[in-house]
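Listed below are the residues making up each chain.
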Amino acid sequence: MSALLDVDKVTVRFGGLKAVSEVSIQIHEGELVGLIGPNGAGKTTVFNLITGVYRPTEGSISFAGRSVVGHRAYKVTARGIARTFQNIRLFDSLSVFDNVRCACNMHLSHGIAHALLRGPGFVREEEGIDKTVMELLGIFGLAEHRETACRHLSYGDQRRLEIVRALATRPKLLLLDEPAAGMNPTEKVELMNLIRFTQEKFRCAVLLVEHDMKVVMGICQRIHVLDHGKKIAEGTPEEIRANPAVIAAYLGKEADHA
Amino acid sequence: MSEQLVEFLQQILNGLSQGAIYALIALGYTMVFGILRFINFAHGDIYMLGAFAGYYLVEKMPRLLGGDPTLAKAAAVLFLAMGICAGLGILIERLCYRPLRSRPKLTILITAIGVSLFLENGGQYLFGADPKSFPEIIVDQAFEIPASWGALSSLTILHSQVLVFGVTAVLLFVLRFIVLHTRMGMAMRALSFNPTAATLMGINTDVVIAFTFGLGSALAGAAGILTSIQQPSIDPLMGINAGLKAFVAAVLGGIGNLPGAALGGILIGLLEALTVGYINPTYRDPIVFAVLILILLVKPSGLLGKSTAEKV
Amino acid sequence: MRIDRGQIILLAALVVFGIASTFGGSMNPYYYDILIGIGINVILAVSLNLVNGYTGQFSLGHAGFMAVGAYSSAWITIAFGYVLGTSFFATRTSFVLSLVLGGLAAALAGLAVGIPSLRLRGDYLAIVTLGFNEIIKGVIQNAEPLGAQRGLGGIPLYSNIFWTFAVAAITIYVIVSLVNSTYGRGFLAVRDDEIAAEAMGINTTKYKVLAFTLGAFFAGIAGGLYAHFKQFIHPEGFGFLRSVDIVVMVILGGMGSTVGVCVAAVLLTILPELLRYVSDIPGLPAWMGQIADNRMILYSLLLIILMITRPQGLFGTARLGRKK
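Before going into details, it helps to say that this report is about the structure given with it. (Residues numbered from 1 in each chain as written. Chains lettered and ligands numbered in written order. Predicted model: local features only at pLDDT ≥ 70, side-chain atom pairs only at ≥ 80, totals over all residues.)

### Comments concerning the sheet that holds strand β7 (residues 173–177) of chain A
All names here are of chain A. The cut-off we apply is this: Strands are labelled as partners when DSSP assigns at least two bridges between them. The helix count covers DSSP runs of H or I at least four residues long, the strand count covers runs of E at least two residues long, and both are numbered beginning at the N terminus. Geometry is summarised by axes, namely lines fitted to C-alpha atoms with helices restricted to the contacting stretch, and by angles between N-to-C directions that run from 0 to 180 degrees.
One open sheet holds the 6 strands; their spatial order is β6-β7-β8-β3-β9-β10, and the pairing between them is mixed. Two strands bound the open sheet, and with one partner strand each, they are β6 (81–83) and β10 (230–235). The average undirected angle you get between the axes of adjacent strands in this sheet is 20°. Across 4 bridges, the pairing between strand β3 (residues 32–36) and strand β8 (residues 205–209) is parallel.

Written out as structure tokens, the structure reads:
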């Protein structure tokens, strides 16, 4: 089965620094893959490369068989790749509902003229979006916060909202950037269930960057390990746990979450 | 040597002395941007206040500063005006910008616009909107170029032009010394690289920022005096145009980069002189703005600047 | 067929303005002047609010677009005003056409300004838009057919309460309807976080350019209305200070609140007139009277105090940009 996402020997240079060097990652439909590594290893950079924020200096990235290199980020999203951010990037001034609604923009069939004339087609589409957004919010337990300003949400709720928002773009691949950061153990267990649930219900592949080993080992089918911009290992959670190169890379870093 | 070449040299000379003025003002913009990442819209008006400070100093202290122009008196006016402007700059920062340091950049930008308008209109109210004639503090005349230099002898090199360039050079040298060889200068540089780390290293941010504003404002004040020596007609709105051009100069050189500001100033001064001399005086301002737009499109980090990307 | 509530309000407003306009002739000319001024300022403020408030692009050159519209429509009226005939109906039709064409010319200018500005943020964008304003002014000052430095006069008096407030109502309707649709939420997303917006499939370029173009269009029509009211226009009236006037309205009203900027537009149109009366109050110290005469001193203090105490203005709720 050919890969859904094929990152092939991708390198990106910033000035003289190779932030990511000849990294190859393949993700198949419906897979749950982890991307781990010490701080500064280049994990978020890989995300940025996949989603079009950065352009690779070398190598290729293709999604569903077509290259995504050189496309603007919004076009990459249209292809079916959505993401969340390491430092939550919600639309601060908007309500919970509107945050998700914005992600429905790309599937709109109406434009300016319709928004002004407000014919029956427009009304129908807006009602449809309303329904879709409320369904999504309901699934993730945020329906009652519909009109709340998203900056008033609890931290955990904000992280969940970011995931809901990403899902509203109907992705085939969801990139989650440290979704467990700042969560307590209970929330982390909930998150693990949420991610598995998302993967099944929405039939999307998930690429997860995470520092918490319990979360990663707990839900990922395969794991890639980066260190200093290079991939140093790939395999199942058991293989990775036993891999000497991985242990060496993490050596000295207190395993407070193994 | 042909007449056209001499004409060209004349324009270059004019451009250089005007460019020196822009350089002095541009340095203030760039220093403040370097440590605070914001454009002090009101900076150009400090330049205007420098000119008026000089004007009123001479008017209010006729025994000390009035009468026959001498270099000593001119120097006194210069230093006093610089001091007054430094104080004003520090005061404005303390009152209007410091309370907003943790707010979004846009808030401070709008405040700076407000301060600028307040200084301009307040100036019009206090000083009167009509232009005033800056008193003669040096005897300005052209250098006598011996006829043996041929066509070059038709060049007009004024004492004031040489003075402007000379004073600017001295001030730039002093600035460089401060920035590279003093502890305060080191603190300024540290702050421009990483404000958080600088505070953690025990640097008193407030003092450094105040110092930077004071320094930049002093230079702008000097520019105000130097301009008034060459063009004695001063008015409360003179800071708008000069300020904008100096800002373009700072961007051209690379905002945040000190040598860049100086270079940018000279280049803008030359561009202006050449436009006025060879194209059309009315295009002088639009061309400078066109340069700004061009630079921001082609190389936003300016000639000498380094680009920094936003961390995603 | 269901008619949207906003459309009903708009139609009702147009009828009201039509009726009100018939009383215009019997109004005190001084108050009439202020009223038209309010209408024009509302259009300017609401259109700028789309750019600055809803899309978060800090434009300081709105007066430039007003100038393009003013001069374009004035020139068209002067050159072609009687092509359709000299009857009331004919001249008013060509007036509307000239307004629209002026708006389109301004929209083109908005496009020209918006596209290069795409990669610029905050401070830089503000200065560049200011630069464009000055360039537009510079071009007009050098254009002989437009009267250059002498100004352009002889513009017939076509603007009245109906036209001015009808356009204001339409401007408000267009912008509010747009922003309150899912499509229009894109503007707000671009304002709040461009990178996240792009990641959510929103073409930020399209929205920024659209905001500039649409905002410029209405500013251009406002310019046309202004030209056909004052009957004489001069490049100095469309410079940085005029742009600041409009920006203060948007900031005072609250960036991102159409209601707010309308209220602010009304307030700030009336304020200079009120201040004129202040200086006439007997017994008031002379300096207070003089400051009252110079509204820019008060405006600038207002700006500074607003930013320090209440940056969201009267009605705004949005924060000005990403938190640090």
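From this point, the discussion proceeds with the structure in view.
### Describing helix α5 (residues 105–127) of chain B
Residues and elements named next belong to chain B. Keep this limit in mind: Every helix has an expected span of 1.5 Å times one less than the residues it contains. Neighbour density around each residue's C-beta defines its exposure: 20 or more other C-beta atoms within 10 Å make it buried, 12 or fewer make it exposed, and counts between make it partly exposed, where C-beta atoms are placed from the backbone.
The end-to-end C-alpha distance of α5 is 32 Å, a good match for the 33 Å that 23 residues give at a rise of 1.5 Å each. For α5, a buried count of 19 out of 23 residues is recorded, marking the element as mostly surrounded by other parts of the structure. Looking one or two residues beyond α5, the residue adopting positive phi is G128, at roughly 90°.

### Describing the interface of chain C and chain B
Rules: Here contacts are defined at the residue level, using C-beta atoms placed from the backbone and a cut-off of 7 Å between them. Ten residues, namely Ala, Val, Leu, Ile, Met, Phe, Trp, Tyr, Cys and Pro, are considered nonpolar, four, namely Asp, Glu, Lys and Arg, are considered charged, and the remaining ones, Gly among them, are considered polar.
The interface of chain C with chain B comprises 37 residues on the first partner and 33 residues on the second. Broken down by element, the side of chain C that touches chain B gets its largest block of residues, 11 residues, from helix α5 (residues 122–141) of chain C. In the side of chain C that touches chain B, the residues fall into 22 nonpolar, 9 polar and 6 charged.

### Brief notes about the environment of A:R151
All names here are of chain A. Mapped onto the fold, R151 is located in the loop between α5 (120–139) and α6 (155–167). Under the C-beta neighbour-count criterion, R151 is labelled partly exposed, with 14 such atoms within 10 Å. Sequence spacing of R151 and I61 is 90 residues, and the spatial spacing of their C-alpha atoms is 35 Å.

### Quick word on the nonpolar core
The condition is simple: In plain words, the nonpolar core is the set of buried Ala, Val, Leu, Ile, Met, Phe, Trp, Tyr and Cys residues that C-beta atoms within 7 Å link up. Those domain boundaries reflect an automatic or database domain assignment.
Counting 284 residues, the largest nonpolar core has B:L24, B:C85, B:A222 and C:A45 as its most contacted members. No fewer than three residues from each of domain 1 (5–80 + 170–250) and domain 2 (89–153) of chain A sit in this core.

### Details of the environment of A:V164
Residue and element names in this part refer to chain A. Following the sequence through the fold, V164 ends up in helix α6. Distance in space between the C-alpha atoms of V164 and E178 is 15 Å, their sequence separation being 14 residues. Not counting residues up to four positions away in its chain, the partners in contact with V164 are V100, L136, L137, F140 and L142.

### Considering the environment of C:A90
Residue and element names in this part refer to chain C. Positionally, A90 belongs in helix α4 (residues 88–114). Along the backbone, A90 and E134 are 44 residues apart, and their C-alpha atoms lie at a distance of 36 Å. Once residues lying within four places of it in the same chain are set aside, the contact partners of A90 are L84 and G85.

### Some words on the pairing of β10(A)
Consecutive side chains of a regular strand alternate in pointing toward one face of the sheet and then the other. Residues and elements named next belong to chain A. In this structure, strand β9 (residues 222–227) lies alongside β10, joined through 5 bridges in antiparallel fashion. Its bridge partner lying in β10, I223 is registered against G235. Adjacent in sequence and paired antiparallel, β9 and β10 are bridged by 2 residues, among which H228 carries a positive phi angle near 50°.

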